[in-house]
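Structure assessment
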Amino acid sequence: MRLIIINGPNLHNIGKREPEVYGNISLDDYFNNLKTFFHNMDLSFVNSHFESEIVSVLYDIENQVDGIILNAGAYSHTSVAIRDAISAISVPVVMVHISNVYARESFRNNNMIAPVCKGIITGFGVKSYKIAIQSFVD
Ligand code: DQA
């Protein structure tokens, strides 16, 4: 099974950024652990701060993977463009948030993208990514 994890803006520095919200582990380190744990799977990772680049990756990767795990960061709450791209492609997308967006500021309660995703995992720290991968396995 081939899965890609796409991370949106400001997620490159998890581990340093607001550790009380997002924890102390860097995503590079955590993803290395995930590669070891899911050694039978083909996992790849992409980071982008740019909305248009995330849209491009969604279309480019559509026929090359069995599933997409997306943490769109702040774009989750605003991006009609990413939502429309997910609606247009046929590969399932699982949305991930490290923090529980429903327990934070009210503007994070609006999730523009979640309704067009297969599911959403929010609030389990970086383990949210692991749960998302497992959702494809089970
Ligand atoms: C986030 C939650 C978003 O509200 C925020 O803008 C992020 C990270 C998370 O993983 O908890 O950048 O997507």
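Structure shown above.
Definitions and cut-offs
Residues numbered from 1 in each chain as written. Predicted model: local features only at pLDDT ≥ 70, side-chain atom pairs only at ≥ 80, totals over all residues. Heavy atoms only, no water. Helix = DSSP H or I, 4+ residues; strand = E, 2+ residues; numbered from the N terminus. Rg over C-alpha atoms; globule rule 2.2 N^0.38 Å. Buried < 20%, exposed > 50% of the residue type's maximum accessible area, 1.4 Å probe, protein only. Contact = heavy atoms within 4.5 Å. Lys, Arg positive; Asp, Glu negative; His and termini not counted. Charge placed at Lys NZ, Arg CZ, Asp CG, Glu CD. Salt bridge = Lys/Arg side-chain N within 4 Å of Asp/Glu carboxyl O. Near = heavy atom within 4 Å. Polar contact = N/O pair within 3.5 Å; in protein donor to acceptor, adjacent residues only side chain to side chain. 1 Å grid on protein atoms, 1.4 Å probe; cavity = no way out; pocket = protein on both sides within 12 Å on 5 of 7 lines; lining within 4 Å. Sits in = over half its atoms within 2 Å of the grid points. Nonpolar A, V, L, I, M, F, W, Y, C, P; charged D, E, K, R; others polar. Arc of directions from axis to C-beta. Axes fitted to C-alpha atoms, helices over the stretch in contact; angles between N-to-C directions. Parallel < 35°, antiparallel > 145°, perpendicular 65-115°, else oblique. Left-handed = near helix turned anticlockwise from the far one by under 90°.

A count of helices and strands for the chain gives 5 helices and 5 strands. Its C-alpha radius of gyration of 14 Å places the chain within 12% of the 14 Å reference for a compact globule of 138 residues. Here the chain holds 138 residues, and 47% of them are scored as buried. For the chain, long-range pairs separated by at least 24 residues make up 77% of all intrachain contacts whose partners lie at least 6 apart in sequence. The average position of the 10 basic charges and that of the 13 acidic charges among the side chains of the chain differ by 6 Å.

Here the structure, examined in full by the defined rule, presents 4 salt bridges. Salt-bridge contacts for R2 lead to D42; the nearest nitrogen and oxygen are separated by 3.5 Å. On the criterion of sequence distance, the pair formed by R2 in strand 1 (residues 2-7) and D42 in strand 2 (residues 42-47) is long-range, its members being 40 residues apart. Given the relative accessible area of 25%, R2 is considered partly exposed. For D42, a relative accessible area of 40% corresponds to the partly exposed category. For R104, the salt bridge identified is with E105, shortest N-O distance 3.7 Å. For E105, a relative accessible area of 36% puts it in the partly exposed group. A network of salt bridges, in which partner residues are shared, links R104, E105 and R108.

A separate point is the site of the ligand. Neighbouring residues of the ligand: 13 residues in total, closest N71, H77, I98, S99 and R108. Side-chain polar atom of S99 to an oxygen atom of the ligand: 2.6 Å apart, as the coordinates give it. Between an oxygen atom of the ligand and a side-chain N or O atom of R108, the distance comes to 2.8 Å. If you map the ligand onto the pockets, it falls in the largest pocket. Its residues assigned to classes, the shell around the ligand comprises 5 nonpolar, 5 polar and 3 charged.

The complete set of buried residues in helix 5 (residues 127-137) reads S128, Y129, A132, I133 and F136. Angularly, the buried residues of helix 5 cover 140 degrees about the axis, an arc narrow enough to put them on a single face. On its buried face, helix 5 is in contact with strand 1, helix 2 (27-37), strand 2, strand 3 (67-71), strand 4 (93-97) and strand 5 (119-122).

Remark: helix 2 packs on helix 5, axes separated minimally by 10 Å, with the N-to-C direction vectors making an angle of 30 degrees. For the element pair helix 2 / helix 5, the angle class is roughly parallel. Crossing geometry of helix 2 relative to helix 5 is assigned as right-handed. Contact residues: L27, Y30, F31, L34 and F37 in helix 2; K127, Y129, K130, I133 and Q134 in helix 5. Grouping the amino acids of the contact of helix 2 with helix 5 by side-chain chemistry returns 7 nonpolar, 1 polar and 2 charged.

The backbone phi angle of N10 is positive, close to 70 degrees, even though this residue is not glycine. Looking at the secondary structure, you find N10 in the loop between strand 1 and helix 1 (19-22). Judged by relative accessible area, which is 39%, N10 ranks as partly exposed. Unlike most non-glycine residues, E18 shows phi in positive territory, near 35 degrees. Tracing the backbone shows E18 in the loop between strand 1 and helix 1.

Note that every value here comes from positions in space, so none of it alone points to a role or purpose.
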